[in-house]
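Architecture and fold: a report
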Amino acid sequence: MSQQLFKPGANNLAKVSILAGGLITALVLGFILVTVRSPFTKAPVGIPVPQPVRFSHELHAGTLNVDCRYCHSSAEVSPYGGIPDTHTCMSCHSQIATYSELLEPVRNSYASDERLVWNRVHAVGQYVYFNHSAHLNNGIGCETCHGRIDQMPIVWRNETMTMRWCLDCHFEPEKYIRPLDEVYTMGWTPPIPQSELGPQLVAEYDIHKDGLTDCAVCHR
Amino acid sequence: MSNATFDRPDTADAQDQRQNLSNLSSEEEFEALLTREQPRHAAVWKRSQLDRRSFMKVMGATLALTGLAGCTPRPPDQPIVPYVRTPEFVIPGNPIFFATTMPMGGYGMGAVIETHEGRPTRIEGNPFHPASLGSSDRFLLASILDLYHPDRLTDVRNADGLQSWDAFNSALQTALADAPNGQGLYLLTEAVSSPTMKAQIDALLAAYPDAQWHQYEPVNEDSAFLGAQLAFDEPVNTVYHFDQADVVLALDGDFLTSMPGSVRYARDFMDGRRVRMAADGAAPAMNRLYAVESTPTSTGAVADNRLILRASEVELLARAVAQALGVDGGAAVDGPWDPNWVSAVAEDLQAHAGSSIIIPGREQSPVVHALAHAMNAALGNVGSTVTLIPPVLANPVAMVEDLQALTDAMTAGDVKVLLVLGGNPAYSAPADIDFAGALGQVPFSAHLSQMQDETSMLCMWSLPQTHFIEEWGDILAYDGSASLVQPPIGPLYPDAKSALELIAGLAGDDRTSYDLVRATWESAANGDFESFWRRSLHNGVIEGSAPEALSVQPAGNALPEAAPMDNGLEVIFRPDATIWDGRFAANGWLQELPKPLTQLTWDNMAAIAPAMATAMGLSRGDVVELSVDGRTVKAPIYVQQGHPNNAVTVTLGYGRTAGAGAGTDAGFNAYAIRPSGAQWNMGGAAMQATGETYVLATTQDFPYMEGAHDAVEVATLSEFIADPEFVHKPEKVVNIIPEKEYNSYKWGMSIDLTACIGCNACTIACQSENNISTVGKHEVEINREMHWIRVDRYYEGPEDDPATYFQPVPCMQCEKAPCEMVCPVQATVHSSEGLNQMVYNRCVGTRYCSANCPYGVRRFNFLDFVDPALVLVDMRNPDVTVRARGVMEKCTYCVQRISEARIRANREGRMIEDGEVTPACAAACPTQAIVFGDLNDAESRVVKLKQEPQDYAMLADENTVPRTTYLARIYNPNEQLTSSES
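Residues numbered from 1 in each chain as written. Chains lettered and ligands numbered in written order. Predicted model: local features only at pLDDT ≥ 70, side-chain atom pairs only at ≥ 80, totals over all residues.

Some points on the overall build of chain B
The secondary structure content of chain B amounts to 33 helices and 39 strands. A compact globule built from 982 residues should have a C-alpha radius of gyration of about 30 Å, and chain B, at 29 Å, falls within 12% of that. Scored against the burial criterion, the 982 residues of chain B give a buried share of 53%. Long-range pairs, those at least 24 residues apart, make up 73% of the contacts in chain B between residues at least 6 apart in sequence. (Helix = DSSP H or I, 4+ residues; strand = E, 2+ residues; numbered from the N terminus. Rg over C-alpha atoms; globule rule 2.2 N^0.38 Å. Buried ≥ 20, exposed ≤ 12 C-beta atoms within 10 Å, placed from the backbone. Contact = placed C-beta atoms within 7 Å.)

Quick word on the overall build of chain A
Per the secondary structure count, chain A includes 12 helices and one strand. Taken from the N to the C terminus, the helices and strands of chain A come in the order α-α-α-α-α-α-β-α-α-α-α-α-α. Based on the C-alpha atoms only, the size of chain A along its principal axes is roughly 105 × 50 × 30 Å. The buried share among the 220 residues of chain A stands at 21%. A fraction of 73% describes how many contacts in chain A between residues 6 or more apart in sequence connect residues 24 or more apart.

Some words on the packing of helix α7 (residues 195-207) of chain B against helix α20 (residues 513-522) of chain B
All names here are of chain B. The geometry of α7 relative to α20 is characterised by a closest axis approach of 9 Å and an angle of 100° between their N-to-C directions. In terms of orientation, α7 and α20 fall into the roughly perpendicular class. The segment α7 lies against α20, with P195, T196, A199 and Q200 engaging L516, V517 and T520. Per-class residue counts for the contact of α7 with α20 are four nonpolar, three polar and no charged. (Axes fitted to C-alpha atoms, helices over the stretch in contact; angles between N-to-C directions. Parallel < 35°, antiparallel > 145°, perpendicular 65-115°, else oblique. Nonpolar A, V, L, I, M, F, W, Y, C, P; charged D, E, K, R; others polar.)

Some remarks on the interface of chain A and chain B
If you look at the interface, chain A gives 36 residues, while chain B gives 36 residues. Listed by contribution, the elements that provide at least two residues to the side of chain A that touches chain B are α5 (86-93), α6 (104-112), β1 (118-119), α7 (132-136), α11 (209-212) and α12 (215-218) of chain A. Across the side of chain A that touches chain B, the residue classes tally to 14 nonpolar, 15 polar and seven charged. Pairing of β1(A) with strand β1 (residues 79-80) of chain B, which is carried by two bridges, proceeds in the antiparallel orientation. The residue bridging A:N119 from the neighbouring strand is B:P79, located in β1(B). (Pairing = 2+ DSSP bridges.)

Regarding helix α12 (residues 311-324) of chain B
Residue and element names in this part refer to chain B. The end-to-end C-alpha separation of α12 is 21 Å, in line with the 20 Å expected for 14 residues at 1.5 Å each. Burial analysis of α12 places 13 of its 14 residues in the buried class, the great majority of the element. Phi turns positive, to about 80°, at G326, one or two residues after α12. (Expected span 1.5 Å × (residues − 1).)

Here we look at the pairing of strand β31 (residues 803-809) of chain B
Where burial is concerned, most of β31(B) is hidden: five out of the seven residues are buried. Hairpin connection, strand β30 (residues 790-796) of chain B to β31(B): the antiparallel pair is bridged by six residues, and B:G797 has positive phi, about 95°.

Description of the packing of α7(B) against helix α19 (residues 499-506) of chain B
Residues and elements named next belong to chain B. As a packed pair, α7 and α19 sit with axes 9 Å apart at the nearest point and diverge in direction by 25°. On the basis of their axis angle, the class for α7 and α19 is roughly parallel. Crossing of α7 against α19: the hand is left-handed. Between α7, through T196, M197, Q200, I201 and L204, and α19, the contact on the second element is made entirely by A499, L500, I503, A504 and L506. Of the residues contributing to the contact of α7 with α19, the split by class is eight nonpolar, two polar and no charged. (Left-handed = near helix turned anticlockwise from the far one by under 90°.)

Some points on the sheet that holds strand β29 (residues 747-752) of chain B
All names here are of chain B. Here we have four strands laid out as an open sheet, ordered β36-β29-β38-β37, and mixed in their pairing. Single-partner strands in this sheet number two, and they are β36 (930-934) and β37 (951-952). Across four bridges, β29 lies against strand β38 (residues 964-967) in parallel orientation. Note on β38: the bridge partner recorded for S750 is T965.

Concerning the pairing of strand β23 (residues 622-628) of chain B
Residues and elements named next belong to chain B. Covered by surrounding structure in β23 are D622, V624, L626 and V628 only, the residues V623, E625 and S627 on the alternate face being uncovered. Two elements, β23 and strand β26 (residues 681-693), share five bridges in a ladder whose sense is antiparallel. Opposite E625, over in β26, you have Q688 as the bridge partner. For β23 and strand β24 (residues 631-639), the ladder comprises six bridges, and the chain directions are antiparallel. Directly across from S627, in β24, lies its bridge partner T632. Count of turn residues in the β23/β24 antiparallel hairpin: two residues, of which D629 carries a positive phi of about 55°.

Overview of unusual backbone geometry
Residues and elements named next belong to chain B. Of note, the phi angle at N760 is positive, near 75°, even though the residue is not glycine. Within the secondary structure, N760 sits in the loop between β29 and α25 (761-769). Overall, N760 belongs to the buried group, with 28 C-beta atoms counted inside 10 Å. One non-glycine residue, V961, lies in the positive phi region at around 50°. Using a count of 19 C-beta atoms within 10 Å as the deciding quantity, one classes V961 as partly exposed.

Side note on the sheet that holds β26(B)
All names here are of chain B. Strand order in the closed barrel formed by six strands is β20-β25-β22-β24-β23-β26, and the pairing between neighbours is mixed. Direction aside, neighbouring strands of the sheet carry axes that sit 45° apart on average. Sheet analysis places strand β22 (residues 606-608) next to β24, joined by three bridges and oriented parallel. Within the sheet, the bridge partner assigned to A607 lies in β24 and is Y638.

Notes on the environment of B:R656
Residues and elements named next belong to chain B. Following the sequence through the fold, R656 ends up in the loop between β25 (647-651) and β26. For the pair formed by R656 and N669, sequence separation is 13 residues and the distance between their alpha carbons is 7.0 Å. For R656, the residues in contact, after removing those within four places along its chain, are Y427, G582, A585, G663 and T664.

Here we look at the environment of A:L197
All names here are of chain A. Within the fold, L197 resides in helix α10 (residues 194-204). Along the backbone, L197 and R178 are 19 residues apart, and their C-alpha atoms lie at a distance of 7.9 Å. The residues contacting L197, other than those within four sequence positions of it, are P190 and I192.

Here's the deal with helix α13 (residues 339-351) of chain B
Residues and elements named next belong to chain B. Helix length check: α13 (13 residues) gives 18 Å between terminal C-alpha atoms against 18 Å at 1.5 Å per residue, within 8%. Every buried residue of α13 is accounted for by W341, V342, V345, A346 and L349. In a view along the axis of α13, the buried residues occupy a sector of 120°, so they form one face of it. Opposite its buried face, α13 presents the exposed residues P339 and A351, each directed more than 90 degrees away. (Arc of directions from axis to C-beta.)

Topic: the confidence of the model for chain B
All names here are of chain B. Looking at chain B, pLDDT values average 87 and 91% of them are 70 or higher. Contacts from residues 1-25, a stretch scored under 50 in pLDDT, to residues over four places away or in other chains number 25 contacts. With pLDDT under 50 throughout, residues 72-76 is counted as low confidence; its partners more than four residues away or in other chains account for one contact. Our summary of model confidence lists the complex with pTM equal to 0.89 and ipTM equal to 0.84. (pLDDT = per-residue confidence, 0-100.)

Some words on the environment of B:D233
Tracing the backbone shows B:D233 in the loop between α8 (222-232) and β9 (237-240). Here B:D233 falls in the partly exposed class, since 13 other C-beta atoms lie within 10 Å of it.

If you want it as structure tokens, here you go:
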């Protein structure tokens, strides 16, 4: 009998390595999947985004109580919320705080016709066609997605804005819906429990819940 | 129906199992099997050189990498850049629409341009414009692509390279010093109908009294012009009112798709053919169309009775009809037609005197036009169905003669300065007018054009021209009414100028083109000019500008004697169905658009009758040498059913050598054999096989669908009245897919096959709306075209004179969709409104759905077709995803338009109204054959149409319950002729 190349233990080794190989692959793949999908690695939630102008929503929307739509004027009628043009800033600031150091980039833009370049804070996936007007006109408040803007000196993203997060409301809008005249209110609390008010409003605003989860509502 | 024939090859005489296997693996058997079972993939298989080992490798790699296709990199952090001052009316995210007019051959077609944040993204017809009524043709829809063409001429150039307008102007002034009073200054323009342009040319001619103005269009109306001269001794334009006509005789005139007023004509004509039994309750009536035609066209396909003749014989027939109507048509002639045809047509026309139309084709002789005038007058049609108006063109001339005169002057050395404004005469001049050669004799020449084309190459200066979307102007429509050309965007390339600006500058007028156009119309305004001007700009049309009908008297000129019939081979020249005279050769959408009837893309061909092909031993793709008058050209054969025998049709516009983008070098140049004396057909030609072959890429070569022979249901009007329920309706069978309830909207579509003229406007409209890629000739050859809606063409009956049917096929949006069941990743699913949704970001590209679709409407991105040219990015519709490689796509019923309407209606607290959502195809359709709406709304148009007895579902036995259904094709032949023919 010739010399055996493999000792009897080799059989076990082979079995274990096959198992371990499969296990490791599964773990690696799983880790990748979890990482990719995790809101923690994807969405920069809670991190203030520096902007070219040190604009404070806390001051304007909070202390001064300026209506959201004064600046974000297209939100009610178009897909985009709209970032105000320089002229909108200057409509007040040609009277108020005209020489403020903080406003220098705005004044420069006004004088030179150069556009201001802001940094994007909120973004949904590339395939998503989000429409501000559709939400605002159906009782979804600014606060629901953007958080307490009136308490943010520099704006950060308050929610993950992943598909799962969107669907949470698209499955059960009654959890988040509010009366149309409270859409722009910050810190709104339902006068009656949301569990009663929500279904009432969903019926009143004629929201077809089965249609809300159609793919084509957001993807086209 | 789908008793899929999976016969094992060669089992009958098989000796044993082994024999059988070897049979199956033998090349031919395998190919036969492949072709039968997987027609869409057979072409690819044959083309590839894949052996078993490589196949396994590729499949292994595919398996290993499955899923990677779904991984796309995260978008970079984007900036947001608001305006400094938002322009008037702009709400970011909402489109703005501008009315303008597209010029073509001197005639205007009203358009509405959609812009997003200033970028024109789409063009559609203008509902206020008489030539459009909101519909459009393929040229209008595709013209936006030319605006963004990456090869556009952007700077002033001459042989030394980049130059400036200042350099050009000083060179021009130096050259003009040699031309006192403009002696030797020649202007060559395209056809001009613009009042402002005419005024500026007049001003130029006043400033340079000895200067000369010539015009040339290769697809011109010389015959109509000369025909009017013959009939009335003065030029007139003829306008037809098909809505008033009960009987129409088309004399080789494709009035449905290739005349300046075609879109309007098609609408008016089809309005007289919509049989609605459920709606009316009364016995349905239809108008009747007799078409005499040479090359098969949409008009012949739609005709109730068609007579196929060679182009030269149409004049003889016109004389015979004239005689039968008691109009002096010269001596009676016999021709290769059934005399009954002439008498029956004449009888029908006489029975409908005053409500009939005789319409001659642009390509027919002046005599045919003169005869048509006389016959319409004799029938009392003039004033009711036919009106004569003053010429639409500002200075109507016989253009071939005009070009000949210019070329003679150039050769004689009389031309010192030649300015060619638009057009491409060096390429498109008739073969015996050596314009290109004569250009060498001109000491100073310049060409204003959008692309650096053949003429630019030969001229000393190339000047960048604006696209009509970038310029101010005005133009007249087919009926003489005026409309404005308004730019929604400034020139993409700041150096580009319009012809109007160039001429005004030359005449020393330093007003802007906007001021010039305004000045023209200031005098036309009644009352307040500012409100008149704003209203005109808003509507695009100038109210009340349509001219009064002329009442002209026949001149009583004797018609020239009929030429003896030429029994030799006849070459027929026709503008190309998609790239016209060559002006759209650079337009990828039009190049890839299947030409109606032939379904050919990216090429032109020499079309011959099947009988002739058999007799000469020719088949499709064989290259022949065509000689006319000693000039020859090589052309690939296309065997076209319904083509007259002993004739060959070649289309113009191909064989471009410069400035045609992807269309450069495609096809052959038919201008090289086109004689100036006989622009449209020439006898005495010779054709010889060369032994070479050439690949023609056509769509619909392979069966998209199983059992497609039942796709189109047809009946004559009398058959339909006798049996309104003639269409095949399958019995309801049990379906494994559960019934679903649709509580809100339930979208559906109805397509009227009677009204479809096969013009393919829907295909281009869809391409533009949905960011659909072009794939190129090579990919079309292997059936990988991407169009979401195709227009299938079917022939029935004898090859030499078949009945021709068109059938537009978008996604049927099946309620029991076979595609949905087989998707492993739920990338295609059903919506609550009944749409069969395609979710691009889920799709991993298995293509099971497309294999399981009985209608063959799904399209796969085999390659990355998205055009890398940056400038094209601005043209894309921002409301529709641009699909990546490896993703399936298909018609969505324009879900972006539905979403938009739903959000708007929701905002206003109401339901979407009927007609509020119009998919791009339905909006474009000249005949309104496509109607879309909510099946839950009992009052909607689409519900009414689906109640008609002739409503049927294609491949109904597949039990897919499609939301798109068809109204059967109904036609109204003269029974007298059908019985005598059969």
